[in-house]
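Residue-level structural notes
One-letter residues, chain by chain:
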Amino acid sequence: VGLTKVKDDRYFDFFRGRVMFPIHSVSGRILGFGGRTLLADKKVAKYFNSPESLIYNKSEILYGLYFSKGDVIKYDQCFLCEGYTDVIAMYQAGIQNVVASSGTALTKDQIRLVRRYTKNITILYDGDAAGIKASFRGIDLILQEGMNVKVVLFPEGEDPDSYSKSVGTSELETYLKEHTQDFISFKADILLKDDENDPIKRAELIRDIVQSVSLIPDQITRNVYMQTIAQRFDMSEEVLANELIKLRQNAASK
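Computed from a predicted model, the values in this text were never measured in an experiment.

Focus: the pattern of salt bridges
- Counted according to the given criterion, the structure contains seven salt bridges.
- The closest approach of N and O atoms between Arg 112 and Glu 145, which form a salt bridge, is 3.1 Å. On the criterion of sequence distance, the pair formed by Arg 112 in helix α3 (residues 108–115) and Glu 145 in the loop between α5 (136–144) and β9 (148–153) is long-range, its members being 33 residues apart.
- In this structure Arg 112 comes out as partly exposed when scored by relative accessible area, which is 38%.
- Ionic contacts of the salt-bridge type, sharing partners, join the residues Arg 112, Arg 115 and Glu 145 into one network.

Details of the packing of aromatic side chains
- For the coordinates displayed, the defined rule picks out 13 aromatic pairs.
- Here the aromatic rings of Tyr 125 and Phe 186 are separated by 5.2 Å at their centres, their planes lie at 10°, and the arrangement is stacked. You can see Tyr 125 sitting in strand β8 (residues 120–125) and its partner Phe 186 sitting in helix α8 (residues 183–191), a full 61 residues away along the chain.
- Where Phe 154 meets Tyr 175, the ring centres are 5.5 Å apart and the plane angle is 15°; that geometry is what we call stacked.

Concerning a nonpolar patch on the surface
- Together, Val 1, Leu 3, Met 20, Leu 54 and Ile 55 make up a nonpolar patch on the protein surface, roughly 520 Å² of accessible area in all.
- As for its position among the elements, Ile 55 is in the loop between β5 (47–49) and α1 (65–75).
- Look at Ile 55 and you get partly exposed, because its relative accessible area is 47%.

Concerning the nonpolar core
- If you look at the biggest cluster of nonpolar residues, it comprises 44 residues, and the most contacted ones within it are Ile 139, Phe 183 and Ile 229.
- Contact partners of Ile 229, with chain neighbours within four places excluded, come to Ile 184, Ile 206, Ile 209, Val 210, Val 213, Asp 234 and Leu 240.
- Ile 23, Phe 79, Met 90 and Ala 100 belong to the second largest nonpolar core, which has 23 residues in total.

Overview of the environment of Asp 140
- By the element assignment, Asp 140 lies in helix α5.
- For the pair Asp 140 and Phe 183, spaced 43 residues apart in the sequence, the C-alpha separation amounts to 9.7 Å.
- Excluding residues within four positions of it along the chain, Asp 140 makes contact with Lys 187, Ser 212 and Leu 215.

Let's talk about the pairing of strand β4 (residues 30–37)
- Counted residue by residue, β4 has six buried out of eight residues, so it is predominantly covered.
- Where strand β3 (residues 18–24) and β4 come together, seven bridges link them in antiparallel fashion. From the neighbouring strand, Pro 22 faces β4, where its bridge partner is Phe 33.
- Turn length for the β3-β4 hairpin, with the two strands adjacent in sequence and antiparallel, is five residues, and the turn residue Gly 28 shows positive phi of about 100°.

Digging into the sheet that holds β5
- With antiparallel pairing, three strands are arranged side by side in an open sheet as β3-β4-β5. Edge positions in the sheet fall to β3 and β5, since each has one partner strand and no second. Looking at each pair of strands side by side, their axes are set apart by 20° on average, direction ignored.
- Judged from the three bridges that link them, β4 and β5 form a sheet pairing that is antiparallel. In the sheet register, Arg 36 faces β5, and the bridge partner there is Tyr 47.
- Each of β3, β4 and β5 is contacted by helix α2 (residues 84–92), which is oriented at about 75° to β3, the strand it contacts most.

Comments concerning unusual backbone geometry
- We note that Asp 9 has phi near 60°; this positive angle belongs to a residue other than glycine.
- Note that Asp 9 resides in the loop between β1 (4–7) and β2 (10–13).
- The backbone of Asp 76 shows a phi angle near 50°, a positive value even though the residue is not glycine.
- Given the relative accessible area of 40%, Asp 76 is considered partly exposed.

Notes on α3
- Within the span of α3, buried status applies to Gln 110, Ile 111, Leu 113 and Val 114. Buried positions in α3, seen along its axis, are confined to an arc of 155° and lie on one side of it.
- For α3, the secondary structure elements touched by its buried residues are α1, β6 (78–81), β8 and α5.

Reading the values: rules and limits
Residues numbered from 1 in each chain as written. Predicted model: local features only at pLDDT ≥ 70, side-chain atom pairs only at ≥ 80, totals over all residues. Heavy atoms only, no water. Salt bridge = Lys/Arg side-chain N within 4 Å of Asp/Glu carboxyl O. Helix = DSSP H or I, 4+ residues; strand = E, 2+ residues; numbered from the N terminus. Buried < 20%, exposed > 50% of the residue type's maximum accessible area, 1.4 Å probe, protein only. Phe/Tyr/Trp six-rings, centres within 6.5 Å; stacked < 30°, edge-to-face > 60°. Patch = residues over 30% accessible without salt bridge, like charges linked within 9 Å, V, L, I, M, F, W, Y side chains within 5 Å. Areas by Shrake-Rupley, 256 points an atom, 1.4 Å probe, with all protein chains shown as cover. Core = buried A, V, L, I, M, F, W, Y, C linked by side-chain atoms within 4.5 Å. Contact = heavy atoms within 4.5 Å. Pairing = 2+ DSSP bridges. Axes fitted to C-alpha atoms, helices over the stretch in contact; angles between N-to-C directions. Arc of directions from axis to C-beta.

The following block contains the structure:
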């Protein structure tokens, strides 16, 4: 399972000089490890993970789910962040229905793992715009699985780890409540930041959002989202509905 490596007939500790994060299965068995370097050297990889093995497949595992599943069921809500320290800091701050995708792009297997316990996922993003745009695909996967997705964006330069350490539990809870938004508002705010008045950019964005809504399996949920898009962009619901039908037909024919 990669705790030791062999080089020129010499065995060495793969995770030496690193803080270790045991990665548990849903039932609590340790499947692998994450290791964060203690060195400030830029040439050294910040994180190492155990190599994939018969028991460890990182695309099928969510860090922290073994500890948080009780609270996920209790609050019917799962907060999803990126790294090990994000989960630990949030958990210590009193938000215990939290898991991490451990730095990997979100997968269908991970989403289905959450769906066992709740249909509601809130993704926690730090203020890095490039990382946010890259993760839009994860939102589409969540919608495709028939789940409800919300988004919280932390202030620039902050992530769940740093922010939860700088404020008290009640302030953190208040921030999460007040800054939770649906994915339509979130996507529009991010993509239209500098091009609010560019008609071509607006048209691309609306098409992009309708494409995401077309993935939702439930018709009523799709219709509710279409009403929201029509209001947000001051557009005819009929035009949007025609585009939605076209996208779904194209997907079905593929």
